[in-house]
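In case you want the letters, here they are:
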Amino acid sequence: MKRSFTILPWFVLGVANCLRAAEPPLPKFEAQTIDGRVAIGYGVAIGDVDGRGKPDILLADDLSEGHGLACADFLGLGSDQVVVGWRNPNAQKKVGIRLYVPPDLPGGPWKAHVIDDNTMACEDLKVADLDGDGRPDIVASGRSTHNLVIYWNRTGMKK
């Protein structure tokens, strides 16, 4: 399997830092509170889940099972879907990772699809196209299951 990610040795980074002539100015930020009543605030994700072409801010808050959260167009629909990782057992006493597809009509039910069924107690997850095929893949880590797993996105591929 072709890997398109690399871990750079520390000395390469050190040489690169020595070759820089001047440090760039530090960035400046302005804070704006969106919600001052967050209960847990496990995961924050940004994506276009409603298909309007503008970023939506999502927060995994007050979900007893949900922990990891990310957005991407996993299915090639033109708008983002939401991937959620479970660290604590849900009502079916399972952990894992689920993909949620927004409804076609506002207010409709989201469709849930299982990506991992009870092998990953997800502490955190990230999304990136790791193999360069144009489809976002998922990297998830599980503290209690002691694993780091890449879920290669094979959507649309023939078996």
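The structure presented is a predicted model; accordingly, all values stated were derived computationally and were not measured. Sequence positions are assigned chain by chain, starting from 1 and proceeding in written order. Owing to the predicted nature of the model, reporting of local features is limited to residues with pLDDT of at least 70; listing and counting of side-chain atom pairs is limited to 80 or more, with chain, interface and lining totals taken over all residues. Side-chain numbers here rest on the full set of heavy atoms in the structure, without hydrogens or water.

Caption draft 1: Representation of the pattern of salt bridges. We define a salt bridge as a contact between a side-chain nitrogen of Lys or Arg and a carboxyl oxygen of Asp or Glu at a distance within 4 Å. Summed over the entire model, instances satisfying the criterion amount to 10 salt bridges. Here Glu123 makes a salt bridge to Arg87, at a shortest N to O gap of 3.2 Å. Taken together, the positions of Glu123 in strand β7 (residues 122-128) and Arg87 in the loop between β4 (81-86) and β5 (96-101) put the pair 36 residues apart, joining distant regions of the chain. Between Asp124 and Lys126 there is a salt bridge, with its nearest N and O atoms 3.6 Å apart. Assessed through its relative accessible area of 34%, Asp124 is described here as partly exposed. A cluster of three or more residues bridged by salt bridges with shared partners is formed by Asp131, Asp133, Arg135 and Arg154. Here a helix means four or more residues in a row that DSSP labels H or I, a strand means two or more in a row labelled E, and each is numbered from the N terminus. The cut-offs for exposure are 20% and 50% of the maximum accessible area for each residue type, with area from a 1.4 Å probe on protein chains only; residues under the lower value are buried, those over the upper are exposed, and the others partly exposed.

Caption draft 2: Broad picture of unusual backbone geometry. With a phi angle near 60°, Lys93 is a residue other than glycine that sits in the positive phi range. You can call Lys93 exposed: its relative accessible area is 70%. Despite not being glycine, His146 shows a phi value in the positive range, around 55°. Mapped onto the elements of the fold, His146 is located in the loop between β8 (137-142) and β9 (147-151).

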